[in-house]
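# Structural features, examined
Residue strings, one per chain:
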Amino acid sequence: MELLSVETDKFAQAWQQIKKGDIHSYEWLFKKLASKLYSYGYRIVPDRVVVEDAVQDLFVQLWENREQLSDVKLVKPYLYKSIRSRLLRTLNHRYASDESMSFMGIASYEEAVIEHESHHQMNAQLKQCLNKLTPRQREIIHLKFYQQLDYEDIANILNMVYQAAVNLCFRAVTGLRQCLKKHTD
Amino acid sequence: MEKYRYSVEDLLVDASFQRYACGILGEEDVDISEIRQFWEDWCAQHPENQAAAQEAIELIKQLRQAESYAAVVPDIDKSWQQVLKRLQTTRQPQKPLVTIGWRTYLRYAAVVFILLSAIAASSYLYFLVPIEVYTQIGENRTVTLPDHSTVVLSGNSSLQYARYWGSNRPREVWLKGKAYFDVRHAISPDNRFVVHAGKARIEVLGTSFDVTNRNEATKVLLKTGKVKMEVEQMQPSSQATVSTVLMPGEEAELSEKSGIITKKVTDLEHSMNWVQQKFVFDNTPFEEVAKTIEENCGVKVTIRKQDLRTRRITAHLDAKNLDVFLTGVARLFDAKVKRKGDSVVFY
């Protein structure tokens, strides 16, 4: 817990520096988070151009409005949340899609799978089982095990209370293991 | 210590265990030595949970791999250069483009519509509502009518007429009080000039005359031309109209009570002097002087000194200032005057 709060503090400090016009803090924040935001965003809208545009938009506007920025304490979830709502907006514009339908499975990333032939067999099962989860369950698995965000941040991003985030994660891993067991039997 | 078998799921959702697993998978960039120590001790103390721990770590490993395949990691340096480029092109703070939605558009349209209707309604009213001219006590005002006829409106009087007069319709004015008319010739037979004063209807056949409509009587004094005076009929069907035609120098008086018109010849020059705001009294009894003052100045005159009533006076008085005028009259009669608002007392 202590280690995480150090990281949170670092982000909050960078935020304050950005508000004062420090371009180096801005660059640090971008390089620290951009790739993570890309990865997260790509699962919401599987379109490289749209996601890169959205992330860059977010950061460009951050710098342009730096003087009017509010004091954000939890910078990381704030940025995840921003990119999430931006991409959901573009989704709604394009497909009039339901928010819960928005978190993509892994099955569609054939090219990525081909590059990692050695894991092919196991991944195929895991892939199938991941795709059987609900979009929200997939999303929390991504945020938890790939992005390594803590429950507090996830709850913040997904607009839920802490315990609901833990419960969602529990349901996701339970569903995943049940599915995997069926495959091995 | 009580033994409790942890499930793989229990461990998977534990935040500390998650960090431990990620740490030993070599992908955590923060120092986790403390957490690692804790979980290794825990595994040593609870061998019954070791299998579950192994399974949980393996699943996390595979999940992370699967997620990594799906992850798109662009060239961050290139991306950063793109952000910098965009910041340079938009260095000047951009004003958000104002996009007008149809709702906003409707709102503006509604405002414009209301404004236009207001303008239409007010101009309609402007053409319809008659002009009314009032004069203060002791004030004469010259009014030019739409046909360029002139009216000298005496003090404490009012005149009403339409803003626009058609050339084929009667020119009508409504008078309360006293006025001198100098009327232009009619353009067409229907274009006659009519003065409504009390119950009297004065139809102008010629040019200049004087109308007084006070104390329940209407007087017309003709200077030049020809004027017809008749009693205004409430019902058009009733009786033959009472009417008289005046010649220059003649004065007709209609009593509102009796509805009878009486005619006499008067001294034109004296009677017309008020047009220049002068009062001319020629051997006039004081009672009549008082009446003239009441009529022209809108005050109530009371005579306390009894012998004043019958005394006569000959004088020319300027009526521009009522107080000066009153003291002047009082001095002539060797009396005193007191004025309090609308009430004047001679004593």
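Residues numbered from 1 in each chain as written. Chains lettered and ligands numbered in written order. Predicted model: local features only at pLDDT ≥ 70, side-chain atom pairs only at ≥ 80, totals over all residues. Heavy atoms only, no water.

## Thoughts on the overall build of chain A
Spelled out, the test is: Every helix listed is a DSSP run of H or I at least four residues long, and every strand listed is a run of E at least two residues long, numbered separately from the N terminus. Accessible surface is estimated by sampling points in the Shrake-Rupley manner with a 1.4 Å probe; for residues, cover comes only from the protein chains shown.
When helices and strands are counted, chain A shows 9 helices and 0 strands. Helices (α) and strands (β) of chain A occur, in sequence order from the N terminus, as α-α-α-α-α-α-α-α-α. When the accessible area of chain A is evaluated, it comes to approximately 9200 Å², of which 50% is carbon and sulfur surface.

## Some details on the nonpolar core
All names here are of chain A. Note the following rule: The set of buried Ala, Val, Leu, Ile, Met, Phe, Trp, Tyr and Cys residues whose side-chain atoms join them within 4.5 Å is what this entry labels a nonpolar core. Relative accessible area decides the class of each residue, using a 1.4 Å probe on protein chains only: under 20% of the type maximum gives buried, over 50% gives exposed, and in between gives partly exposed. Note on definitions: a residue-residue contact is assigned when non-hydrogen atoms from the two residues lie within 4.5 Å.
Judged by nonpolar contacts, the single largest core of 81 residues is most densely connected at Y26, L29, F59, L79 and I141. The dominant element in this core, judged by the number of residues it contributes, is helix α2 (residues 23-44), at 10 residues. The residues contacting F59, other than those within four sequence positions of it, are Y26, L29, F30, L37 and L79.

## Quick look at the pattern of salt bridges
Here is the rule: Salt bridges are identified by distance alone: a Lys or Arg side-chain nitrogen within 4 Å of an Asp or Glu carboxyl oxygen.
What the rule picks out here adds up to 12 salt bridges over all chains. Between B:E9 and A:R177 there is a salt bridge whose closest N-O contact spans 3.2 Å. Placement of the pair is B:E9 in helix α1 (residues 8-12) and A:R177 in helix α9 (residues 162-184), with the two residues belonging to separate chains. Comparing B:E9 with A:R177, the two get one shared label, buried. Notably, a salt bridge pairs B:E55 with A:R177, separated by 2.3 Å at the nearest N-O pair. With B:E55 in helix α4 (residues 50-70) and A:R177 in helix α9, this residue pair bridges two chains.

## As for the pairing of strand β6 (residues 193-197) of chain B
Residue and element names in this part refer to chain B. Under the convention used in this document: Two strands qualify as a pair provided DSSP detects at least 2 bridges between them.
Judged by how many residues are buried, β6 sits mostly within the fold: 5 of 5 residues are covered. Burial along β6 is two-sided: F193, V195 and A197 and V194 and H196, pointing in opposite directions, are all buried. Bridge count for strand β5 (residues 171-182) against β6 is 5 bridges, and the pairing is parallel. Residue E172 lies in a different strand from β6, and its bridge partner there is V194. In the sheet, β6 pairs with strand β7 (residues 200-204) via 5 bridges, with the strands oriented antiparallel. Among the inter-strand pairings, F193 is bridged to a residue of β7, identified as V204. Count of turn residues in the β6/β7 antiparallel hairpin: 2 residues, of which G198 carries a positive phi of about 60°.

## Section: the sheet that holds strand β17 (residues 337-340) of chain B
Residues and elements named next belong to chain B. The following threshold applies: Interaxial angle, 0 to 180 degrees, is taken between N-to-C directions of lines fitted to C-alpha atoms, where a helix line uses only the stretch in contact.
Here 3 strands make up an open sheet; going across it, the order is β15-β18-β17 and the pairing mixed. One side of each edge strand has no neighbouring strand; the edge strands of this open sheet are β15 (300-303) and β17. Averaged over all neighbouring strand pairs, the angle between strand axes comes to 15°, with direction disregarded. Two elements, β15 and strand β18 (residues 343-346), share 4 bridges in a ladder whose sense is parallel. Across the sheet, K300 pairs through a bridge with S343, a residue of β18. Packing of helix α9 (residues 322-332) onto the sheet brings it into contact with β17 and β18, and relative to β17 it is tilted by some 155°.

## Overview of the pairing of strand β10 (residues 227-231) of chain B
Residue and element names in this part refer to chain B. Burial within β10 is extensive, with 4 of its 5 residues counted as buried. Pairing of β10 with strand β11 (residues 243-246), which is carried by 4 bridges, proceeds in the antiparallel orientation. Its bridge partner lying in β11, E230 is registered against S243.

## Describing the environment of B:S243
All names here are of chain B. Mapping S243 onto the fold places it in strand β11. A sequence separation of 18 residues divides S243 from I261, and the C-alpha atoms of the two residues are 7.6 Å apart. If we ignore the near neighbours within four places in the chain, the residues touching S243 are M229, E230 and I261.

## Focus on α2(A)
Residues and elements named next belong to chain A. As a reminder of what qualifies: In this scheme, a helix's expected span is set at 1.5 Å multiplied by one less than its residue total. A residue's bend is simply the angle between two axes: one fitted to the seven residues ending at it, one to the seven starting at it. Here a polar contact is recorded for every N or O atom pair within 3.5 Å, except that within protein the pair must consist of a potential hydrogen donor and a potential acceptor, and residues adjacent in sequence are included only if both atoms are side-chain atoms.
Relative to the 32 Å expected for 22 residues at 1.5 Å per residue, α2 spans 29 Å between its end C-alpha atoms, a close match to the ideal helical length. If you look at α2, its biggest bend is around 40°, right at L33. For α2, the N-terminal capping position is held by D22, with its side-chain oxygen 3.1 Å away from the main-chain nitrogen of H24.

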